[in-house]
Amino acid sequence: QVQLVESGGRLVQAGGSLRLACAASGRTFSNLDLGWFRQAPGKEREFVAGIRWSGGSGYYTDSVRGRFTISRDNTKNTVYLQMNSLKTEDTALYYCAARQGLWWTTQHDAYPYWGQGTQVTVAS
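Q: What am I meant to see in the pattern of salt bridges here?
A: Think of it this way: side chains of opposite charge can pair up when their charged atoms draw near. Inspection of the entire model under this criterion finds 6 salt bridges. Arg-67 serves as the salt-bridge partner of Asp-90, at 2.8 Å between the closest nitrogen and oxygen. With Asp-90 in the loop between β8 (78-83) and β9 (92-99) and Arg-67 in the loop between β6 (55-60) and β7 (68-73), this residue pair connects regions lying 23 residues apart in the sequence. In this structure, Asp-90 and Arg-67 share a single accessibility class: buried. The network of salt bridges with common partners includes Arg-38, Glu-46, Arg-67 and Asp-90.

Q: Would you mind going over the packing of aromatic side chains with me for this structure?
A: For any pair of aromatic rings, the description consists of the separation of the ring centres together with the inter-plane angle of the planes. Applying the stated criterion to the full structure yields 7 aromatic pairs. Ring geometry for Phe-37 against Phe-47: centres 5.7 Å apart, planes inclined by 75 degrees, an arrangement best described as edge-to-face. Note that Phe-37 is positioned in strand β4 (residues 33-39) and Phe-47 in strand β5 (residues 46-52), a separation of 10 residues in sequence. The exposure class assigned to Phe-37 is buried, which follows from its relative accessible area of 1%. The exposure class assigned to Phe-47 is buried, which follows from its relative accessible area of 12%. Centroid distance Tyr-59 to Trp-104: 4.5 Å. Interplanar angle 15 degrees. Geometry classified as stacked. Of the two residues, Tyr-59 sits in strand β6 while Trp-104 sits in the loop between β9 and β10 (113-114), which places them 45 residues apart along the sequence. Judged by relative accessible area, which is 36%, Tyr-59 ranks as partly exposed.

What counts, and where the lines are drawn
- Residues numbered from 1 in each chain as written.
- Predicted model: local features only at pLDDT ≥ 70, side-chain atom pairs only at ≥ 80, totals over all residues.
- Heavy atoms only, no water.
- Salt bridge = Lys/Arg side-chain N within 4 Å of Asp/Glu carboxyl O.
- Helix = DSSP H or I, 4+ residues; strand = E, 2+ residues; numbered from the N terminus.
- Buried < 20%, exposed > 50% of the residue type's maximum accessible area, 1.4 Å probe, protein only.
- Phe/Tyr/Trp six-rings, centres within 6.5 Å; stacked < 30°, edge-to-face > 60°.

Treat this as a map of the structure, not an account of what it does.
Here's what the structure looks like:
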C-alpha cells in the first residue's frame with residue numbers, strides 16, 4: 001500500500017506560480033512511477049505530468065509543457081509539481097498518483113494509488 005497526501009493548492013492570479021507537493025508513505029518511494037493528474041468540473045480526469053522511478057526530465061501533457069516541471073526527492077519521499085505562468089484553464093483538482101510497473105503510462109486507471117487531491121484555482 002501507498003499513502004499519498006497532496007498540498008500546495010490555493011487561489012492564484014493568472015500568470016502566477018504554485019508548487020504542489022505530494023508526500024508518500026508505505027512502499028519504497030524510489031521504486032514508484034509518479035504522476036500528477038487533474039480534474040476540472042464536468043471534465044474527465046487528465047494526465048498532467050509524470051516521472052519514472054528512475055527520475056529524468058519527466059513527461060508532460062502538451063498544454064503544460066514548458067510551464068510545469070515535475071521533480072522528485074527520494075530522500076523526502078515527495079514529488080513536486082512546479083507550475084508557472086498559470087492560466088485560468090489550469091483550474092482543477094490536482095491529484096497525485098503512484099504505480100509500480102515495467103513501462104511508463106499516462107493512463108489514470110493504471111495507477112492504483114491516489115491522494116485526496118488539492119484544489120488549484122486560477123483567477124483572471
